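Summary of the model geometry
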Amino acid sequence: MTSDHPINTTGSRQRQTRFAALQKWVSRAFARDLSCLIVPGQDVALAHGLNVSATGMRVSASPRDANVLLIVGGLSEKMGEVATVLYAQMPRPRTILMLGGKTPSSFPDADVSAGLSQKALADAVGRLKRALAEGAFATSAEDFDASVLHVKIEYVCPMHPEVVQNEPGSCPKCGMDLVAREAGEQTPEGGHDHEHHHDHEHQSQDHDHDHDHDHDHDHSNEHSNEHSNEHSNEHQQEHAHENAATEYTCPMHPEIVRDEPGSCPKCGMDLVVREDGEDEAHSEHEHSSHDHGEHDHSGHEHGGHDHGGHDHGGHDHGASGFMSMIEVTKDLPRSADGLQMDWLEVPFGPVFPGLPGGLKLTLTLDGDGVTEGQATSLVGVTNEGENIEESEEMDAETFIGYLSAAIPLAPVSYRLLVCLAIEQAAGLEGDSANAGARTGALERERIASHLGWLAQLGRQLGFAWLTQRAATLQLQVREANRDSLAALEPALRTLGTRLERTPLLKSRLKGIGLLPTESSDLRGPVARAADEGGDAWARLRQRLAEISASLGLIKSGGEPALPVLRDVGDVSGTGEATVDTPRGEARLSLKLERGHVKSYKLDTACSQHIGLVPKLVEGQELGDALLAVGSLDLSPWEVTS
């Protein structure tokens, strides 16, 4: 087929050219504006000496505002699942930047991988920008899917949403059948939707002016009708029971009756088979509550519908299996204002601004008050290895590297701990030649760790100046020599003075996170601050005092140096050691066989302190509860399992 008018392709090519130019411009804009979500958290990045902001990337607190997922170090299986969910929530184009570890198996390959250093990070960001500029509009992008993203079904009570189980069953509070829902969904509504369907015909009539006439009826007719109706109803009920087919009703709305299974049109619950007795009970309830022939209408004030015999406030639904509001709420906890209300369980973390990365805090809320709480670690180290298989044994140096890498917030402390335990197992005396260097490294890490806690406190309180100043000093202290630390001393003291003289900070921390009187096995700053008030303000002042004390110890000691294991050969024996880490005493005992770790047992301060959380948060306002948990300076990596 031919045409008298030739096809004009020039306009089409021009439009394609303009669109390609627009795509290129947008891609470059994406590449220039990188926003990253850090997993496990900013505290881990700073502990590794990473200054993310210096690379030009903004740090985001939400996956929905990020186009880069920055994974720092290796992730545990549980944290890998968390990171998978976060990545799925990120808008496209999205990228993965992996530093110093392997991408979780549930992830696609990382767009860029690099080592754990500032130089490697800066180089990786440059490569990431180029990759994003080139592939922002790639047509080959595949949908991301992982097993952890699939729907999980859980079962909940419609009347008590805090009752959640993984399998079908009955509510332990009210006995109702649990209903299925997707994990994370809200409980189906309708549990308290008591619609009383009183069939008052006179309510649809203008009975204000007909009332007197209606009540002048012959009472003999009323008695005759009542007698006839009673026999008729009895006769109908007998035949109904003989011929009734299976009927289905809603547990929450007994007036909903169907001939086949389905869902309630009011609350969405699955209909259940109605027992034979339910029909009678429902019928009797309607007749007893709404039979106007039994009412004394001589004193009936229709202007206000004073149905004296209706008792709308407390219908007895026992015969129909449906409980009243009084019965439903009698076992619910009472709020501070005396009301009986459902509580809401809310998780915070394990990637949450102001809390340590890898820590999951679950709080039960009554309004904005906390009724109970629990903290768990998703990244904790194993506290013992008994009778380790020969294939899994590690030589002394490998075990040192394993334990120090497993605890990124205090690697020097745990490296020193393992060295001391192995040297004791080998029968070596104290290393006086390197004692000063080891002490200097330990105290330098203490200063950096306390600064990291201050930066985290700033994020939680919204004090941007504190976060920025503390993080900057932390990065400077982390690998500083003795002279550099001496030069930083004025800045550190100035920060401490400013914090102690900030009225708003003191008023915000004073009285928060008071330790229970029965608290036991407290260690480190938490224990030492217990004698000075035991609240968040006391813990802040204690850490500031320790920064000053650590500076003094470094001045009088040797040049800080990473602890190195002395030559122990293929020794066999048992050894124990204790080190006062930045968060408190850690204890390690181990058994060596021919220079290999055969078994070990680790006890840490954070494993004890995490048990304080339930008492610290109970009865507190939400903001105070989060602040109390943060003041403990919990390291999830040091919570042993």
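The notes below deal with the structure included here. Keep in mind the model is a prediction, meaning the values are calculated, not measured. (Residues numbered from 1 in each chain as written. Predicted model: local features only at pLDDT ≥ 70, side-chain atom pairs only at ≥ 80, totals over all residues. Heavy atoms only, no water.)

Below, the discussion takes up the overall build of the chain. Helix and strand content of the chain: 19 helices and 19 strands. By residue count, 43% of the 641 residues in the chain fall in the buried class. Taking contacts inside the chain between residues at least 6 apart in sequence as the whole, the part at least 24 apart equals 66%. When the accessible area of the chain is evaluated, it comes to approximately 33,700 Å², of which 47% is carbon and sulfur surface. (Helix = DSSP H or I, 4+ residues; strand = E, 2+ residues; numbered from the N terminus. Buried < 20%, exposed > 50% of the residue type's maximum accessible area, 1.4 Å probe, protein only. Contact = heavy atoms within 4.5 Å. Areas by Shrake-Rupley, 256 points an atom, 1.4 Å probe, with all protein chains shown as cover.)

A separate point is the packing of helix H13 (residues 482-500) against helix H16 (residues 536-556). Between H13 and H16, the least distance of the axes is 10 Å, while the angle of their chain directions is 160°. The angle between H13 and H16 falls in the class roughly antiparallel. Between H13 and H16 lies a crossing whose hand is left-handed. Across the interface between the two elements, Arg482, Leu485, Glu489, Leu492, Arg493, Gly496, Leu499 and Glu500 from H13 touch Trp537, Leu540, Arg541, Leu544, Ile547, Ser548, Leu551, Ile554 and Lys555 from H16. In the contact of H13 with H16, the residues fall into nine nonpolar, two polar and six charged. (Axes fitted to C-alpha atoms, helices over the stretch in contact; angles between N-to-C directions. Parallel < 35°, antiparallel > 145°, perpendicular 65-115°, else oblique. Left-handed = near helix turned anticlockwise from the far one by under 90°. Nonpolar A, V, L, I, M, F, W, Y, C, P; charged D, E, K, R; others polar.)

As a further point, take the sheet that holds strand E10 (residues 257-258). On the basis of which strands lie adjacent, the open sheet formed by three strands has the order E10-E9-E11 and antiparallel pairing. Edge positions in the sheet fall to E10 and strand E11 (272-273), since each has one partner strand and no second. Two elements, strand E9 (residues 248-249) and E11, share two bridges in a ladder whose sense is antiparallel. Looking across to E11, one finds that Thr249 is bridged to Val272. (Pairing = 2+ DSSP bridges.)

The next thing to look at is the environment of Arg181. Residue position: Arg181 is located in strand E8 (residues 179-182). Sequence separation between Arg181 and Lys152 is 29 residues, and the spatial gap between their C-alpha atoms is 8.5 Å.

For the rest of this paragraph, the subject is the packing of aromatic side chains. Summed over the entire model, instances satisfying the criterion amount to five aromatic pairs. Note on Tyr87 and Phe107: the rings are 5.5 Å apart at their centroids and 40° apart in plane angle, and the pair reads as tilted. Highlighted residues: Tyr87 in helix H3 (residues 77-89) and Phe107 in the loop between strand E4 (95-99) and strand E5 (112-114), separated in sequence by 20 residues. Of the two residues, Tyr87 and Phe107, both sit in the buried class. Ring centres of Phe348 and Phe352 lie 5.4 Å apart, and the angle between their planes is 80°; on these two criteria the pair is classed as edge-to-face. Look at Phe348 and you get buried, because its relative accessible area is 10%. Three or more aromatic residues joined by ring pairs form one cluster here, namely Phe399, Tyr402 and Tyr600. Over the ring of Tyr87 we find Arg94; its NZ or CZ atom is 4.6 Å from the centre of that ring. Lying across the ring of Trp453, Arg543 places its NZ or CZ 4.3 Å from the centre. (Phe/Tyr/Trp six-rings, centres within 6.5 Å; stacked < 30°, edge-to-face > 60°. Lys NZ or Arg CZ within 6 Å of the ring centre and 35° of its normal.)

Before going further, it helps to spend a moment on helix H12 (residues 464-478). Over its 15 residues, H12 extends 21 Å from the first C-alpha to the last, a length consistent with the 21 Å expected when each residue adds 1.5 Å. Of all the positions in H12, only Leu466, Thr467, Ala470, Ala471, Leu473, Gln474 and Val477 are classed as buried. Down the axis of H12, the buried set is contained in an arc of 170°. They therefore lie on one face. Facing away from the buried side of H12, by more than 90 degrees, are the exposed residues Ala464 and Gln468. (Expected span 1.5 Å × (residues − 1). Arc of directions from axis to C-beta.)

What follows is about the pattern of salt bridges. Per the stated rule, a full pass over the model turns up 21 salt bridges. For the salt bridge of Glu585 with Arg587, the shortest nitrogen-to-oxygen distance reads 3.1 Å. Assessed through its relative accessible area of 33%, Glu585 is described here as partly exposed. Residue Arg587 is classed as partly exposed on the basis of its relative accessible area of 31%. Where salt bridges share partners, they join Asp521, Arg523, Glu585, Arg587 and Asp603 into one cluster. (Salt bridge = Lys/Arg side-chain N within 4 Å of Asp/Glu carboxyl O.)

Formed by 73 residues in total, the largest nonpolar core has its most connected members in Met57, Leu70, Leu97, Ile422, Leu588 and Leu590. Broken down by element, the residue count for this core peaks at eight residues, all from helix H10 (residues 411-425). Leave out the neighbours within four places in its chain, and Leu70 touches Cys36, Leu37, Ile38, Val39, Val52, Met57, Leu97, Leu99 and Leu121. Membership of the second largest hydrophobic core comes to 56 residues, among which are Trp453, Leu454, Leu461 and Cys606. (Core = buried A, V, L, I, M, F, W, Y, C linked by side-chain atoms within 4.5 Å.)

Take the packing of helix H11 (residues 435-461) against H13 next. Direction vectors running N to C along H11 and H13 enclose 35°, while the axes themselves pass 13 Å from each other. In this structure, the crossing between H11 and H13 has a hand that is left-handed. Mapping the contact onto sequence places Arg444, Ile447, Leu451 and Leu454 in H11 and Leu485, Leu492, Leu495 and Leu499 in H13. Looking at the contact of H11 with H13, its residues break down into seven nonpolar, no polar and one charged.

Spatially, five strands are ordered E2-E1-E3-E4-E5 in an open sheet, and the strand pairing comes out parallel. Every other strand in the sheet has two partners, leaving strand E2 (58-59) and E5 as the edge strands with one partner each. Of the strand pairs in this sheet, strand E3 (residues 68-72) and E4 are connected by five bridges, and their pairing is parallel. In the strand pairing of E4, Leu69 is matched with Ile96. Together, strand E1 (35-39), E3 and E4 form the strand contacts of H3, whose direction differs from that of E1 by roughly 160°.

Right, let's get into the pairing of E1. Regular strands have side chains that alternate between both faces of the sheet. E1 sits mainly inside the fold: five of its five residues count as buried. In E1, alternate side chains face the same way, and those of Ser35, Leu37 and Val39 on one face and Cys36 and Ile38 on the other are all buried. The parallel pair E1 and E2 is bridged by helix H2 (residues 42-47), and the resulting crossover is right-handed. (Right-handed = clockwise from strand over helix to strand, strands pointing away.)

In this chain, Arg92 is followed by Pro93 through a cis amide linkage whose omega measures 0°. With respect to the secondary-structure elements, Pro93 resides in the loop between H3 and E4. Cis peptide bonds are those with omega within 30 degrees of zero, and the linkage from Gly349 to Pro350 qualifies with 10°. With respect to the helices and strands, Pro350 occurs in the loop between strand E12 (344-348) and strand E13 (359-366). Positioned with a positive phi, Asp521 is a non-glycine residue whose angle comes to about 55°. The topology assignment puts Asp521 in the loop between helix H14 (503-509) and helix H15 (524-530). The partly exposed category is assigned to Asp521, whose relative accessible area is 33%. One non-glycine residue, Asp633, lies in the positive phi region at around 55°. Assignment of secondary structure puts Asp633 in the segment after helix H19 (622-631).

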